[in-house]
Amino acid sequence: QATIENAVDVICSLDENGRFSQVSQASEKVWQRSPDDLLGQLAKNIVHKYDVQSTDAAIKNLIESQEPGKFENRVTRSDGTIVDSLWTAVWSEED
């Protein structure tokens with residue numbers, strides 16, 4: 001738990017609908033969004049509008065392949081600025 005709470009990178013979990021179910025404190029610094037504000041929100045709501053379709057496709061591919069993967073997109077911060085993001089993801093039906 002201490003590793004997750006003190007991580008520099010955002011560590012998060014999404015449910016089967018693409019909503020944040022867990023978010024580390026790093027979201028405050030990296031995305032300028034508190035974990036509490038993100039919980040229950042669709043992840044694609046913070047993805048830059050031009051990257052939503054490719055992000056949806058990447059997540060769908062991860063779920064279907066059941067293999068770990070990486071994808072890039074841009075996240076819109078709360079102040080409207082944009083930050084490049086590299087996501088490393090694993091889908092777990094159980095978790």
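That block above? That's the structure.
Residues numbered from 1 in each chain as written. Predicted model: local features only at pLDDT ≥ 70, side-chain atom pairs only at ≥ 80, totals over all residues. Heavy atoms only, no water.

This paragraph deals with the pattern of salt bridges. Evaluation of the coordinates by the stated rule reveals two salt bridges. The salt bridge partner of Asp56 is Lys44, with a shortest N-O separation of 3.9 Å. Of this pair, Asp56 sits in helix 4 (residues 52-65) while Lys44 sits in the loop between helix 3 (35-38) and helix 4; the two residues are twelve residues apart in sequence, bridging distant segments of the chain. Here Asp51 ties to Arg74 by a salt bridge, and the two come within 2.8 Å at their closest N and O atoms. One end of the pair, Asp51, is in the loop between helix 3 and helix 4; the other, Arg74, is in strand 3 (residues 69-76), and 23 residues separate them in sequence. For Asp51, a relative accessible area of 10% translates into the label buried. (Salt bridge = Lys/Arg side-chain N within 4 Å of Asp/Glu carboxyl O. Helix = DSSP H or I, 4+ residues; strand = E, 2+ residues; numbered from the N terminus. Buried < 20%, exposed > 50% of the residue type's maximum accessible area, 1.4 Å probe, protein only.)

Further remarks concern the nonpolar core. Core analysis: the largest hydrophobic core is formed by 15 residues, its most contacted members being Phe20, Trp31, Leu38, Ile46, Phe71 and Val75. Of all the elements, strand 4 (residues 82-89) adds the most residues to this core, at three residues. In contact with Val75, other than residues within four places in its own chain, are Trp31, Ile46, Val47, His48, Thr81, Ile82, Val83, Ser85 and Trp87. (Core = buried A, V, L, I, M, F, W, Y, C linked by side-chain atoms within 4.5 Å. Contact = heavy atoms within 4.5 Å.)

Another aspect to go through is unusual backbone geometry. One non-glycine residue, Gln32, lies in the positive phi region at around 55°. Position of Gln32 among the secondary structure elements: in the loop between helix 2 (26-30) and helix 3. On the basis of relative accessibility, which here comes to 32%, the residue Gln32 falls in the partly exposed class.

On to helix 4. The end-to-end C-alpha separation of helix 4 is 20 Å, in line with the 20 Å expected for 14 residues at 1.5 Å each. Taken together, the buried positions of helix 4 are Thr55, Ala58 and Leu62. The arc that holds the buried residues of helix 4, viewed along the axis, is 60°, so those residues lie on one side. Across from the buried face of helix 4, at angles greater than 90 degrees, the exposed residues are Gln53, Lys60 and Glu64. The inward-facing, buried residues of helix 4 contact strand 3 and strand 4. Gln66 sits one or two residues past helix 4 and shows a positive phi near 60°. (Expected span 1.5 Å × (residues − 1). Arc of directions from axis to C-beta.)

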